[in-house]
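Structural characterization, general
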There are 2 protein chains.
Amino acid sequence: MARIRLQDVAERAGVSIKTVSNVVNGKGSITPETRLRVEEAVAHLGYRPNIAARHLRRGQSGMIAVALPELTQPYFAEIASELVRAAQAKQITVLLNQTGGEAESERAISDGIDMPLMDGLIMSPLALTAADLRHRTDAAPLVLLGEHVGDDSPFPHVAMDNRAAAAAATAHLASLGRRRIAAIGAKLPAGPDNALPQETAELRLEGYRRALEDAGLPWDPTLVQTVREFHRADGADAMHALLSLPEPPDAVFCFNDLLALGALRALRDHGLQAPDDVAVIGIDDIEEGRFSSPSLTTIAPDKRAIAETALTLLLENRSEPGHEPRTILVDYELVVRESTAGTGGLP
Amino acid sequence: MARIRLQDVAERAGVSIKTVSNVVNGKGSITPETRLRVEEAVAHLGYRPNIAARHLRRGQSGMIAVALPELTQPYFAEIASELVRAAQAKQITVLLNQTGGEAESERAISDGIDMPLMDGLIMSPLALTAADLRHRTDAAPLVLLGEHVGDDSPFPHVAMDNRAAAAAATAHLASLGRRRIAAIGAKLPAGPDNALPQETAELRLEGYRRALEDAGLPWDPTLVQTVREFHRADGADAMHALLSLPEPPDAVFCFNDLLALGALRALRDHGLQAPDDVAVIGIDDIEEGRFSSPSLTTIAPDKRAIAETALTLLLENRSEPGHEPRTILVDYELVVRESTAGTGGLP
């Protein structure tokens, strides 16, 4: 088979060679529709630009680093997969780094020590804030994900409106007529053992509190469970504690899906069921919650949009240094499943 | 605080400076006990060798690449985390690459195109075999994980005895008195859409078949369900198909935990329960199965041993090129939980 040239792609897509070149090289301003036509032509013809030569010419490696706290958190694994997918479509290779949420790891990767030759970094920091990162020694572009960033980020930033998402979760429970709505996932006082994403917990607690007020429900501190980490075991422990209260809750808002899945497990250990005894909702929409018994009601952030937005911001930043940093909030939606809506009579 | 020197570590560990140096630099032959003593002293004193200088001196980057098919498979995410943990203890940074099980990605990473400067590669290939990798163009050491390797690997190789593990799973179901034991996870005929780990499926099917024979149970092809991928949705679909048979199974061996979790979900959709109606067992021991309702009986491979063995083989290989390639089989154990043993009366 003859080598596919830029011109072949241009002909199939019905655009100029220059436009194809811009799309392939991530340059210029292209309408989404044109980009789609070119990408379809590239895929159909199996066009492969000479990547190594292109990168050399541009002084780039074609690789970006993605640094996330924990890949055994399904939420982060799903974000990582979306980032790999989005980057692959642009013929960019992603190398992933698991920081464990430790300051030293986050600093090493953001300073470029652990990522020589990377064209850029997408990081979800837990230990460091944007302010801590301001004086990083690496010049490669940086895009931040999540809440642990601070208000005055010198770097582009992609997040969800966590207060609003938490309020929506709590309001859903109130709309079912639940009156004793507990929360699992508040932060412990800061300490060496406290691996919790602090800002996430704070923002979600604020949203919970606001939604209680809006529903005319009292704030009851005994219904707010702190946790050490956002893991299944922490959710189970917190639910056990709530069920041992003199007056247990009739609904629980968990600050992520893993906590909620642990809470569902604890209910079963007590011979109780969701939603009949206690309705349960989480945040993240990890695949596990679609298959759990009962399936898990959740707030689903648009993970694909998070990944694609972060990558777009990184590439903009790469081609135009000094680009004004931006914070972009992605959408989320309430996904109602059995853990709050019931099964219609199945066990 | 004064800078901690090699000598301080040697004094605390009660060994020579040379021994500490060998441990820290991954050289020489060290007994596990001595290594442990030195590593404890390193950790206690907070000794940090000048890593950049050390790597430069040795012509190494201190980074290794780990290439896995899918990070949204909890099994691979857990293996990745164990590898990161094991490498961190040796002050080695892990960069992860998600291949999607695609030949092109696997070739790019094994040829070093996507991993310049890496000191070595640990890969779980799906598309390529060891024979395909024999002529890779990168000189960095390579260690292979899993079954898709072939018998005559020129590279060190870490795996579980999949036939024996599958036979153990099936024998467990037979030991409970189950007589119609189905299997979910056999491979479809090869094709472009077939993303299944072929060898894994074949070996596990062989083990299942052997255990049926050993238990004096007939081989019934209608009880063997093929799947496209080892995902929850495939397990649910296969269980729906089994339950629509004129004579449904009373037990199911699923070739991994995700399939089993999908199968449990399908049982619930039919108003059935495990183990009363159908006993269910998986393989992998992912954390999700410890918290599912019912909790999942499984075959647990020693994931920590897989990670530590792979890393040790890589480092041996690094320090002694031409080291005879070895295949190391790691242990596994049967972990009995509610999906086969019941709950003692809870719902």
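Small disclaimer: the values here were computed from a predicted structure and weren't measured.

**Some thoughts on helix H11 (residues 257-269) of chain B**
All names here are of chain B. Helix length check: H11 (13 residues) gives 18 Å between terminal C-alpha atoms against 18 Å at 1.5 Å per residue, within 8%. Listed in full, the buried residues belonging to H11 are Asp257, Leu258, Leu259, Ala260, Leu261, Gly262, Ala263, Leu264, Arg265, Ala266, Leu267 and Arg268. Backbone geometry just downstream of H11 places Gly271 in the positive-phi region, at approximately 75°.

**Topic: the nonpolar core**
Counting 148 residues, the largest nonpolar core has Met239 of chain A together with Met239 of chain B as its most contacted members. Residues contacting Met239 of chain A, with those up to four places away along its chain left out, are Ile184, Val252, Ala263, Ala266, Leu267, Val278 and Val280 of chain A.

**Examining the sheet that holds strand E8 (residues 251-254) of chain A**
Residues and elements named next belong to chain A. Taken in spatial order, the 6 strands make up an open sheet running E7-E6-E8-E9-E10-E12, and their pairing is mixed. Each end of this open sheet is capped by a strand with a single partner; those strands are strand E7 (224-227) and strand E12 (332-335). Adjacent strand axes in the sheet meet at a mean angle of 20°, parallel and antiparallel pairs treated alike. Pairing geometry for strand E10 (residues 297-301) and E12, over 4 bridges, is antiparallel. Looking across to E12, one finds that Thr298 is bridged to Val335.

**Structural notes on the side chain of Asp257 of chain B**
All names here are of chain B. With respect to the helices, strands and loops of the structure, Asp257 is situated in helix H11. Buried and unpaired, Asp257 has no salt bridge, with Arg337 as the nearest side chain of opposite charge at 6.0 Å. Separated by 2.7 Å, the side chains of Asp257 and Thr298 make a polar contact. If sequence neighbours within four positions are ignored, Asp257 has contacts with Gly282, Ile283, Asp284, Asp285, Ile286, Leu296 and Thr298.

**Quick notes on the relation of the copies chain B and chain A**
Least-squares fitting of chain B to chain A yields an RMSD of 0.2 Å, with the transformation described by 0.0 Å of translation along the axis and a rotation of 179°. On the angle and the small slide along the axis, the relation comes out as a two-fold axis. Taking C-alpha positions as the reference, the residue of chain B nearest the rotation axis is Leu96 of chain B, at 2.3 Å.

**A look at the environment of Pro156 of chain A**
Residues and elements named next belong to chain A. Note that Pro156 resides in the loop between strand E4 (142-145) and strand E5 (157-160). Judged by relative accessible area, which is 6%, Pro156 ranks as buried. Along the primary structure Pro156 and Val143 are separated by 13 residues, whereas in three dimensions their C-alpha atoms are 5.1 Å apart.

Conventions and cut-offs
Residues numbered from 1 in each chain as written. Chains lettered and ligands numbered in written order. Predicted model: local features only at pLDDT ≥ 70, side-chain atom pairs only at ≥ 80, totals over all residues. Heavy atoms only, no water. Helix = DSSP H or I, 4+ residues; strand = E, 2+ residues; numbered from the N terminus. Expected span 1.5 Å × (residues − 1). Buried < 20%, exposed > 50% of the residue type's maximum accessible area, 1.4 Å probe, protein only. Core = buried A, V, L, I, M, F, W, Y, C linked by side-chain atoms within 4.5 Å. Contact = heavy atoms within 4.5 Å. Pairing = 2+ DSSP bridges. Axes fitted to C-alpha atoms, helices over the stretch in contact; angles between N-to-C directions. Lys, Arg positive; Asp, Glu negative; His and termini not counted. Salt bridge = Lys/Arg side-chain N within 4 Å of Asp/Glu carboxyl O. Polar contact = N/O pair within 3.5 Å; in protein donor to acceptor, adjacent residues only side chain to side chain. Least-squares fit on C-alpha atoms with pLDDT ≥ 70 in both.

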